[in-house]
Amino acid sequence: MSRDGFKVKIDKNNIIHNFNYIKDSTKKEIISVVKANAYGHGLKEVVPILVEGGCKYFAVARKSEALELLSLNLPDIKILIFETIEDFSLLKTHNNLEMCINSLSEFKELIQKDINFSQLHLKFDFGFARNGFTKEELNEIKNIIVTNNIYFKGAMTHFFSSNPEEVISIQKDFISWINFLGKERFEIIHSQNSAATILGLGEGSTHVRCGISLLGMLDPGIENENIKRSWTLSGPIYNIKDFSDLDFIGYTRKNDLDTKSYNRVGKIKIGYGDGFAKNNTNLLCHINDKEFPIVHISMDTSFVLIDDSIELGDSVEIYRDFEKCNSFLNMDHYEYTTLLNSRIPRIINEE
């Protein structure tokens, strides 16, 4: 009898394929976004794979993620932190760290702190309600730049829509703002997220900045057969009981469940303590290429209604069909993959 728990299996070859496909098709260098534990795939597992594939530039959201990346001791990589860090001295002790300037007040503070601006990226906001400079601040920013003769590592923005017309309009304004400030003052320019990259939008940028597409996930409504999925979540059935022996399934009374034509229940080692939330209740999983409902989720285990064809040790795959799961959960795949925490090991498949 198998006693293993669930594992996230990472397909190394598909990640490298996706990286090479995007790089070859865009003819640009890639900034690989690996925030939120590489969207649940495992930062410590994914980043060395991308380095092996030729990536030298990574982006994360927070300081803690940057420190985790630094702990890997990977040579010759650059790390961009999207959010403003509290301790600017970290930039002085790690010259491969870079950071976004997210507001006018931060910009002025950084000048006073005597930070090397070749490690900093100006971020522009076009209505995404995140961070960044607005059109009304451009003149003041230009005065500061010219007065202090500042040259930056980069300029960036983020598209909040995958609508091509909106993206083209934002990109046009983005490039015009950069030209107004002085294009020669920015070593690199990046705006393209995964959606814009796959759609071929973002003219004028020097680098593409993508995350989910490298990992084989695309935004809803966007298709590209060249992007290969790199992630599976699976584990074995480790206990089976007949309904006749049960009054409850987990904490739920058996008679309160819609058991349909099923007469057995299988136990699996995954629960909300692993980040597999209770809203997955009644989600369909796959066992031997057949679909079965997950009817109860507790902290450490969950229960699947099964038929007589299922045996102990049979593999249960969750989230096989992203499109169906997105519809059932009313969320995108990169949201629920990110929820899975470190209790679930990430295993690299190199076959």
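Before any of the text, the structure's been laid out above.
This text gives an overview of the structure that appears in the document. (Residues numbered from 1 in each chain as written. Predicted model: local features only at pLDDT ≥ 70, side-chain atom pairs only at ≥ 80, totals over all residues. Heavy atoms only, no water.)

**Let's talk about the sheet that holds strand E7 (residues 152–156)**
Here is step 1: Read once around its circumference, the closed barrel built from eight strands follows the order E2-E3-E4-E5-E6-E7-E8-E9, with strand pairing classed as parallel. Averaged over all pairs of adjacent strands, the angle between strand axes in this sheet comes to 25°, irrespective of strand direction.
Here is step 2: Against the sheet, helix H1 (residues 12–26) makes contact with strand E2 (29–33) and strand E9 (207–210), and its axis sits at roughly 140° relative to E2, the strand it touches most. (Pairing = 2+ DSSP bridges. Helix = DSSP H or I, 4+ residues; strand = E, 2+ residues; numbered from the N terminus. Axes fitted to C-alpha atoms, helices over the stretch in contact; angles between N-to-C directions. Contact = heavy atoms within 4.5 Å.)

**Overview of the sheet that holds strand E10 (residues 231–236)**
Here is step 1: On the basis of which strands lie adjacent, the open sheet formed by nine strands has the order E11-E14-E17-E16-E15-E18-E10-E1-E19 and mixed pairing. Each end of this open sheet is capped by a strand with a single partner; those strands are strand E11 (239–242) and strand E19 (346–349). Averaged over all adjacent pairs, the angle separating strand axes in this sheet is 35°, with direction ignored.
Here is step 2: In the sheet, strand E1 (residues 7–11) pairs with E10 via four bridges, with the strands oriented antiparallel. When the sheet's bridge partners are listed, Lys-7 is paired in E10 with Ser-234.

**Regarding the pattern of salt bridges**
Here is step 1: What the rule picks out here adds up to 14 salt bridges.
Here is step 2: Among the ionic pairs, Lys-12 bridges to Glu-350, the shortest N-O distance being 3.2 Å. Separated by 338 residues along the polypeptide, Lys-12 in helix H1 and Glu-350 in the segment after E19 bring together distant segments of the chain.
Here is step 3: What makes Glu-350 exposed here is its relative accessible area of 53%. (Salt bridge = Lys/Arg side-chain N within 4 Å of Asp/Glu carboxyl O. Buried < 20%, exposed > 50% of the residue type's maximum accessible area, 1.4 Å probe, protein only.)

**Some thoughts on the environment of Ala-61**
Here is step 1: Structurally, Ala-61 can be placed in the loop between strand E3 (57–60) and helix H4 (63–70).
Here is step 2: Considering only alpha carbons, one finds Ala-61 and Ile-81, 20 residues apart in sequence, at a separation of 5.4 Å.
Here is step 3: Discounting chain neighbours no more than four positions away, the residues touching Ala-61 are Lys-35, Ile-81, Phe-82 and Glu-83.

**Re unusual backbone geometry**
Here is step 1: Despite not being glycine, Asp-76 has its phi angle at roughly 65°, a positive value.
Here is step 2: In this structure, Asn-330 is a non-glycine residue whose phi angle is positive, near 55°.
Here is step 3: Looking at the element boundaries, Asn-330 is found in the loop between helix H10 (322–329) and helix H11 (333–339).

**Examining the side chain of Thr-157**
Here is step 1: Relative to the elements of secondary structure, Thr-157 occurs in the loop between E7 and helix H8 (164–181).
Here is step 2: Reaching out from Thr-157, the side chain makes a polar contact with the backbone oxygen of Phe-124 at a distance of 2.7 Å.
Here is step 3: Not counting the four nearest positions on each side in its chain, Thr-157 is found in contact with Phe-124, Phe-126, Phe-174, His-190, Ser-191 and Arg-209. (Polar contact = N/O pair within 3.5 Å; in protein donor to acceptor, adjacent residues only side chain to side chain.)

**Digging into the nonpolar core**
Here is step 1: Grouped together as the largest cluster of nonpolar side chains are 115 residues, with contacts concentrated most on Phe-107, Leu-122, Phe-124, Leu-233, Ile-318 and Tyr-319.
Here is step 2: The dominant element in this core, judged by the number of residues it contributes, is H8, at seven residues.
Here is step 3: Apart from the residues within four sequence positions on either side, Leu-233 is in contact with Phe-6, Lys-7, Val-8, Ile-270, Val-316, Glu-317, Ile-318, Tyr-319, Leu-340 and Ile-344. (Core = buried A, V, L, I, M, F, W, Y, C linked by side-chain atoms within 4.5 Å.)

**Some words on H4**
Here is step 1: Turning to H4, its buried residues number three or more, namely Glu-65, Ala-66, Leu-69 and Leu-70. Projection of H4 onto a plane perpendicular to its axis shows the buried side chains occupying an angular sector of 145°, all on one side.
Here is step 2: Where H4 is buried, its residues meet helix H2 (35–39), helix H3 (43–53), E3, strand E4 (78–81) and strand E5 (97–101). (Arc of directions from axis to C-beta.)

**Looking at the environment of Leu-218**
Here is step 1: You can see Leu-218 is positioned in the loop between E9 and E10.
Here is step 2: Note on Leu-218: relative accessible area 16%, which makes it buried.
Here is step 3: Residues Leu-218 and Thr-26, 192 residues apart in the sequence, show an inter-C-alpha distance of 17 Å.
Here is step 4: Leave out the neighbours within four places in its chain, and Leu-218 touches Ile-198, Ile-212, Ser-213, Glu-223, Asn-224, Ile-227 and His-333.

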